[in-house]
Amino acid sequence: MKSARPSRLSIETPEGVVFSFELATPVTRALAWSVDTAAIVVANIIFGQIAKLVATMSADFANALSVAGFFVISVVYAIVLEWRWRGQTIGKRLLGLRVMDIHGLRLQFPQIALRNLLRMIDMLPFFYLVGGLTAVFSRDAQRLGDMAANTIVTRERKAEIPDIEQIAPAKYNSLLSQPHLAARLRSLVTPESAALAVRAVTLRDGYDPLARVVLFRELAAYFRRLVEFPEESVENLTDEQYVRCVLRVIYGVRQG
Amino acid sequence: MIVDIPRFVAAERPYWDELRALLDGMDAEPETRLALPRIQRLHYLYERCSAGLARLDTFSTDPALRGQLETLVSRAYSEIHETREPRKIRWKAILLGFPRAFRRHLGAFRLSAGITLLGCAFGWFAIRMDPHSKAVLMPFEGLFNSPAERVRQEETASKDRLSGEKASFSAQLMTHNIRVTVVTLAMGMTFGVGTLILLFYNGVILGAVAADYIAAGFGTFLTGWLLPHGSVEIPAILLGGQGGFILAGALIGWGGRTARSERLRAIAPDLFAIVAGAAVMLVWAGMVEAFISQYHKPVIPYGLKIAFGVCELVALSAYLGWAGRE
């Protein structure tokens, strides 16, 4: 199923170079916020214990401390962490999310403060209904606070560099004997399909033998459709060997 | 066009690594300002990596390699193209930034005050025309009694009814009022409609209470009760309303040609200054309300309370009107 909303935000620099951010989905954001809520609860429990110590001197002051402390922790938690950790809270760190300026510029303190203060209406009437619905329908998955502060929440790109020597050893690779076709293959393979192939090779021993054969057949057929190599370059290659050769073509460059 | 990818990567990687190290250093010490040669080097590395990314785009893709380079370019871009103030928090700037932000958007404040006054007028006339509407207009337990009864109770009280709970009462007032102010500002995202409703409603309550007490002949009590904290609390909520209308104005963008995101970007520092200033005012108002406003004659003479409130109002007006003028 194709999403109507783009999941990436592309930015073109004045130099004409385009880079993009992967936008976090409302579900991932909700998960991150539930982790943050747990962190806020823990912080409040700790603060409550401190207030109890104060209660031995003045019950009224301890009560005031609890009321003010709860409010301050709830409001300031995300502001301080996003400021100190450049757009991340504990939940966002765990889920690999980051708040960014919508134009790719450096995040400013007023932006962080605003997006977090405006949570108060995003949370209305319950469970972030306003913010959640706005994020689902907005083009850049922004809740109201993000719109006001010109921020987006992105998924951090994990630099998952497969161990190419393990999955596709540097043996003779007949596909590389056709450098122009190899380059074409590199340009056509999507990150998702490459990642899928890496995963298939890495987990091959865990598959049922028949399922493994089918999986590599389908993967090889997909890559063959992208670029057709001459018969002499691919003869006697099994589907799995073909997929490993393709991975060497895609990732082997970095070893150079 | 890249003819030999491995050779290209081998040649460029030292520059990518150098840029990454430079950016990591800037992340670790955000307060440090780079010397000119380092800035020039950063710019050179950014341009070189951008060119590399553009070349990779035109020829071949190793997904992870492209991803790494994209991340690097985006990080450098945010450092190179940022023209706003550096991320240092300067207290003096905050102290003067608040009144300056207030004065920059005086129209929004006037609108906020005007709507509240309209609400006051509505509440006033509603109570005068139909005294039985009190339960609807002022749904607060403390205001149900007749003013005469309330004044009698307050002025003849033999013991402090807030004894042992003044600090917690104060904290509750602060947090509640700050929440109301922030929500009033945030409601600007409804194109100002939510802000307008909240301000009007606040005005209605204020007007109804005033009508109730003044009609009963307790104007001095009312002024002595409300002015010490109200002279700070009410302007703070009006500031929240001002923020809401600034936000709404940026969303609507009447007469301007700039993009909505640019308009919102332009007002963000002012909004923050206003809401932060209002929050500080409400902390003060909360303390005054718990420790001064709730005490009446003979504990604190009304004249003294009113004088205190007037002094606060004058000081606040002077601060918002003149502080940071150039």
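Remember, it's a predicted structure, so these values are computed and weren't measured experimentally. (Residues numbered from 1 in each chain as written. Chains lettered and ligands numbered in written order. Predicted model: local features only at pLDDT ≥ 70, side-chain atom pairs only at ≥ 80, totals over all residues. Heavy atoms only, no water.)

Student: What should I look at first to understand the overall build of chain B in this one?
Tutor: Across its full length, chain B holds twelve helices and zero strands. Rg of the C-alpha trace for chain B: 28 Å, well past the compact-globule value of 20 Å for 326 residues, more than 25% over. Across its three principal directions, the C-alpha atoms of chain B cover 95 × 40 × 40 Å. Taking all 326 residues of chain B together, 49% fall into the buried category. Restricting to contacts in chain B with at least 6 residues of sequence separation, those with at least 24 account for 77%. Put simply, chain B shows about 16000 Å² of open surface, and 65% of that area lies on carbon and sulfur atoms. For chain B, the separation between the mean place of its 34 positive charges and that of its 29 negative charges on side chains is 4 Å. (Helix = DSSP H or I, 4+ residues; strand = E, 2+ residues; numbered from the N terminus. Rg over C-alpha atoms; globule rule 2.2 N^0.38 Å. Buried < 20%, exposed > 50% of the residue type's maximum accessible area, 1.4 Å probe, protein only. Contact = heavy atoms within 4.5 Å. Areas by Shrake-Rupley, 256 points an atom, 1.4 Å probe, with all protein chains shown as cover. Lys, Arg positive; Asp, Glu negative; His and termini not counted. Charge placed at Lys NZ, Arg CZ, Asp CG, Glu CD.)

Student: Hey, could you run me through helix α9 (residues 193-215) of chain B in this one?
Tutor: In this model, α9 of chain B (23 residues) spans 32 Å end to end at C-alpha, consistent with the 33 Å of a helix rising 1.5 Å per residue. Of the residues one or two after α9 of chain B, Gly217 of chain B is the one with positive phi, at around 85 degrees. (Expected span 1.5 Å × (residues − 1).)

Student: How should the domain arrangement of chain B be read in this particular structure?
Tutor: A common way to report how large an interface is uses the accessible area buried once the components associate. According to the domain assignment, chain B contains domain 1 (5-81) and domain 2 (91-322). Between domain 1 of chain B and domain 2 of chain B, the C-alpha centre-to-centre distance is 51 Å. (Domains from an automatic or database assignment.)

Student: Honestly, the pattern of salt bridges in this entry has me stumped. Any pointers?
Tutor: It is possible for side chains bearing opposite charge to pair when their charged atoms get close. Residues and elements named next belong to chain A. For the structure on display, the rule yields 22 salt bridges over all chains. Residue Glu22 pairs with Arg155 through a salt bridge whose shortest N-O separation is 3.8 Å. With a gap of 133 residues between them, Glu22 in strand β2 (residues 18-23) and Arg155 in strand β4 (residues 151-155) connect regions that are remote in the sequence. Arg155 gets classed as partly exposed once you look at its relative accessible area, which sits at 39%. (Salt bridge = Lys/Arg side-chain N within 4 Å of Asp/Glu carboxyl O.)

Student: Mind showing me how you'd approach the environment of Ala210 of chain B here?
Tutor: All names here are of chain B. By the element assignment, Ala210 lies in helix α9. The buried category is assigned to Ala210, whose relative accessible area is 17%. In this structure the C-alpha to C-alpha distance between Ala210 and Thr223, which are 13 residues apart in sequence, comes to 9.0 Å. Excluding anything up to four places from it in sequence, Ala210 contacts Trp124 and Leu222.

Student: Looking at this structure, how should I read the packing of helix α5 (residues 106-129) of chain B against helix α10 (residues 219-252) of chain B?
Tutor: Angle between the axes and distance between the axes are the two parameters that describe a pair of packed helices. All names here are of chain B. α10 packs onto α5 with a crossing angle of 120 degrees between their chain directions and a minimal axis gap of 8 Å. One way to sum up the angle between α5 and α10 is to call them oblique. Seen from above, α5 lies across α10 with right-handed handedness. Contacts between α5 and α10 involve Leu106, Ala108, Phe109, Leu111, Ser112, Ala113, Ile115 and Thr116 from the former and Pro235, Leu238, Leu239, Gly241, Gln242, Phe245 and Ile246 from the latter. Each residue belonging to the contact of α5 with α10 can be placed in one class, and the counts come to eleven nonpolar, four polar and no charged. (Axes fitted to C-alpha atoms, helices over the stretch in contact; angles between N-to-C directions. Parallel < 35°, antiparallel > 145°, perpendicular 65-115°, else oblique. Left-handed = near helix turned anticlockwise from the far one by under 90°. Nonpolar A, V, L, I, M, F, W, Y, C, P; charged D, E, K, R; others polar.)

Student: Honestly, the packing of aromatic side chains in this entry has me stumped. Any pointers?
Tutor: The description of an aromatic ring pair rests on the distance of the ring centres and on the angle between the ring planes. All names here are of chain A. All told, the structure shown has 15 aromatic pairs over all chains when counted by the stated rule. Between the aromatic rings of Phe126 and Phe127, the centroid separation amounts to 6.2 Å while the plane-to-plane angle is 80 degrees, which identifies the pairing as edge-to-face. With a relative accessible area of 81%, Phe127 lands in the exposed category. (Phe/Tyr/Trp six-rings, centres within 6.5 Å; stacked < 30°, edge-to-face > 60°.)

Student: Explanation requested: the domain arrangement of chain A in the structure shown.
Tutor: By the assigned domains, chain A splits into domain 1 (8-155) and domain 2 (164-250). Once you take the C-alpha centre of each, domain 1 of chain A and domain 2 of chain A turn out to be 42 Å apart.

Student: Whenever I open this one, the nonpolar core confuses me. Can you help?
Tutor: A general tendency of soluble globular proteins is for nonpolar side chains to be buried together. Membership of the largest hydrophobic core comes to 61 residues, with the highest contact counts inside it found for Leu118 of chain A together with Met189, Leu239 and Leu247 of chain B. With twelve residues, the single largest contributor to this core is helix α11 (residues 260-293) of chain B. Ignoring anything within four residues of it in the chain, the contact list for Met189 of chain B reads Leu118, Ile121, Leu144, Met147 and Ala148 of chain A together with Leu247 and Leu251 of chain B. The next biggest cluster of nonpolar side chains, apart from the first, holds 29 residues, and it includes Trp16, Leu19, Leu23 and Leu65 of chain B. (Core = buried A, V, L, I, M, F, W, Y, C linked by side-chain atoms within 4.5 Å.)

Student: So what exactly am I meant to see when it comes to unusual backbone geometry here?
Tutor: For residues that are not glycine, phi is negative in most cases, and the peptide bond is trans in most cases. Cis rather than trans, the peptide bond between Leu124 of chain A and Pro125 of chain A has omega equal to -15 degrees. Structurally, Pro125 of chain A can be placed in the loop between α5 (119-122) and α6 (129-137). At the junction of Lys297 of chain B and Pro298 of chain B, the peptide bond is cis and its omega measures out at 5 degrees in the coordinates. A positive phi angle is found at Tyr128 of chain A, which is not glycine, with a value near 55 degrees. Mapped onto the elements of the fold, Tyr128 of chain A is located in the loop between α5 and α6. Phi is positive for Phe191 of chain B, close to 60 degrees, though the residue is something other than glycine. With respect to the helices and strands, the residue Phe191 of chain B is situated in the loop between α8 (166-186) and α9.

Student: Is there a simple way to explain the interface of chain A and chain B in this structure?
Tutor: Opposite the 55 residues of chain A that make contact, chain B presents 63 residues. Overall, the association of chain A and chain B removes approximately 5100 Å² of surface from exposure, summing both partners, and the carbon and sulfur fraction of that is 65%. Connecting chain A to chain B are three salt bridges. We note a salt bridge from Arg106 of chain A to Glu79 of chain B, for which the minimum N-O separation is 3.4 Å. Across the chain A-chain B interface, the total number found is nine residue pairs in polar contact (both at pLDDT 80 or more). When grouped by side-chain class, the residues that make up the side of chain A that touches chain B number 34 nonpolar, eleven polar and ten charged. (Buried area = accessible area lost by both parts, 1.4 Å probe. Polar contact = N/O pair within 3.5 Å; in protein donor to acceptor, adjacent residues only side chain to side chain.)

Student: Explain the sheet that holds strand β1 (residues 8-12) of chain A to me, please; I cannot follow it from the model alone.
Tutor: The strands making up a sheet associate through backbone hydrogen bonding, with each pair oriented either parallel or antiparallel. Residue and element names in this part refer to chain A. Taken in spatial order, the four strands line up as β1-β2-β4-β3 in an open sheet, and their pairing is antiparallel. Because the sheet does not close on itself, it has two edges, and the strands there are β1 and β3 (97-101). Between one strand and the next, the sheet's axes are offset by a mean angle of 45 degrees, whatever the strand orientation. Sheet topology note: the β2/β4 ladder contains two bridges and is antiparallel. For Leu23, the partnering residue across the bridge sits in β4 and is Thr154. (Pairing = 2+ DSSP bridges.)

Student: How should the confidence of the model for chain B be read in this particular structure?
Tutor: Predicted coordinates in regions of low pLDDT should not be interpreted in detail. In the predicted model, chain B carries a mean pLDDT of 88, and the fraction of residues at 70 or more is 93%. As scored by the predictor, the complex reaches a pTM of 0.81 and an ipTM of 0.85. (pLDDT = per-residue confidence, 0-100.)

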